[in-house]
Amino acid sequence: MKTKNKLLLAYLIIGLCFSLSAQNKLAKDSLVNVLNQTAMNDSAKYKLLMKISYLSSSPDETIHYGNKAFELANALNNYRWKAASLLSLGDGFRLKGNLSQSTSCYLESAKVYESINNVLGVSTAYTNLGNVYLAQGNFENSNIYFRKAIEIFRQEKDSTRLATTLLNTGELYREYQILDSALIFFQRSKVIFKELDY
């Protein structure tokens, strides 16, 4: 009986994932049509490119539309857009398995965010770097960037991102069998998520 319930739950989860993926594809395809058929100002075009990049199901599409957003931001000399599109490109390269290129994009994004004093942008880039280094098996760099991000999120009182990065840091320590530290980070994250009613 328990095995049947587990199988049913697994089928429901898989079905939900496929349904959400199909919805994202439909939304992305609709946005591509709008992009190709509608005249719009630079701001609307940039936002649309970023949304398409975010909704894309393939790394190549994420990179393609992220690059178009980056080119537009670069042409307009808009540093905030440039930094955000570099994050999108980094995500695409990470999903494609090109962790070196992903790291380069995230590092460049952090530099651009630093140049315009956008500390939350910097900390987002740091969190992404921590995740890439974790995927590469580079404990030291992952830990450095997660801790930098944690400090900024604490200072900025961004509880959701702080809790998420604490959770990621706990996963880093769990992965390396430093279980007492992992538990501390998991518990800190849990407290914040509970306060946020997550």
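Before any of the text, the structure's been laid out above.
Note that the structure is a prediction, hence the values are computed from the model and not measured. (Residues numbered from 1 in each chain as written. Predicted model: local features only at pLDDT ≥ 70, side-chain atom pairs only at ≥ 80, totals over all residues. Heavy atoms only, no water.)

Q: How should the pattern of salt bridges be read in this particular structure?
A: Side chains that carry opposite charge are capable of pairing whenever their charged atoms lie near each other. Scanning the model with the defined rule gives 5 salt bridges in all. Its salt-bridge partner being Asp60, residue Lys96 comes within 2.6 Å of it at the nearest N-O pair. Here Asp60 lies in helix H3 (residues 59–75) and Lys96 lies in helix H4 (residues 79–96), a separation of 36 residues in the sequence. By relative accessible area, which is 48% here, Asp60 ends up partly exposed. Connected through salt bridges with shared partners, the residues Glu171, Arg174 and Glu175 form a single ionic network. (Salt bridge = Lys/Arg side-chain N within 4 Å of Asp/Glu carboxyl O. Helix = DSSP H or I, 4+ residues; strand = E, 2+ residues; numbered from the N terminus. Buried < 20%, exposed > 50% of the residue type's maximum accessible area, 1.4 Å probe, protein only.)

Q: Would you mind going over the packing of aromatic side chains with me for this structure?
A: Centre distance and the angle of the planes are the two values used to describe a pair of aromatic rings. This structure, assessed with the given rule, holds 7 aromatic pairs. Measuring from ring centre to ring centre gives 5.0 Å for Phe139 and Tyr176, while their planes differ by 65 degrees; the resulting arrangement is edge-to-face. A residue pair is termed long-range when its members are at least 10 positions apart, and Phe139 in helix H7 (residues 139–156) and Tyr176 in the loop between helix H8 (159–175) and helix H9 (179–195) qualify at 37 residues. Given a relative accessible area of 15%, Phe139 falls into the buried group. You can call Tyr176 partly exposed: its relative accessible area is 31%. Arranged with centres 5.4 Å apart and planes meeting at 10 degrees, the rings of Tyr173 and Phe185 form a pair that is stacked. Taken together, the residues span a long stretch of sequence, with Tyr173 in helix H8 and Phe185 in helix H9 at a distance of 12 residues. With respect to burial, Tyr173 and Phe185 carry one shared label: buried. One aromatic cluster in this structure is built from Phe139, Tyr173, Tyr176 and Phe185. Positioned above the aromatic ring of Tyr126 is the side chain of Lys148, whose terminal nitrogen or guanidinium carbon lies 5.3 Å from the ring centre. (Phe/Tyr/Trp six-rings, centres within 6.5 Å; stacked < 30°, edge-to-face > 60°. Lys NZ or Arg CZ within 6 Å of the ring centre and 35° of its normal.)

Q: Is there a simple way to think about unusual backbone geometry in this case?
A: Most peptide bonds take the trans configuration, and most residues that are not glycine carry a negative phi. For Asn77, which is not glycine, the phi dihedral falls at a positive 60 degrees. If you trace the backbone, Asn77 turns up in the loop between H3 and H4. According to the relative accessible area criterion, Asn77 is exposed, its value standing at 51%. Of note, the phi angle at Asp197 is positive, near 60 degrees, even though the residue is not glycine. Tracing the sequence through the fold places Asp197 in the segment after H9. Residue classification places Asp197 among the exposed residues on the basis of a relative accessible area of 71%.

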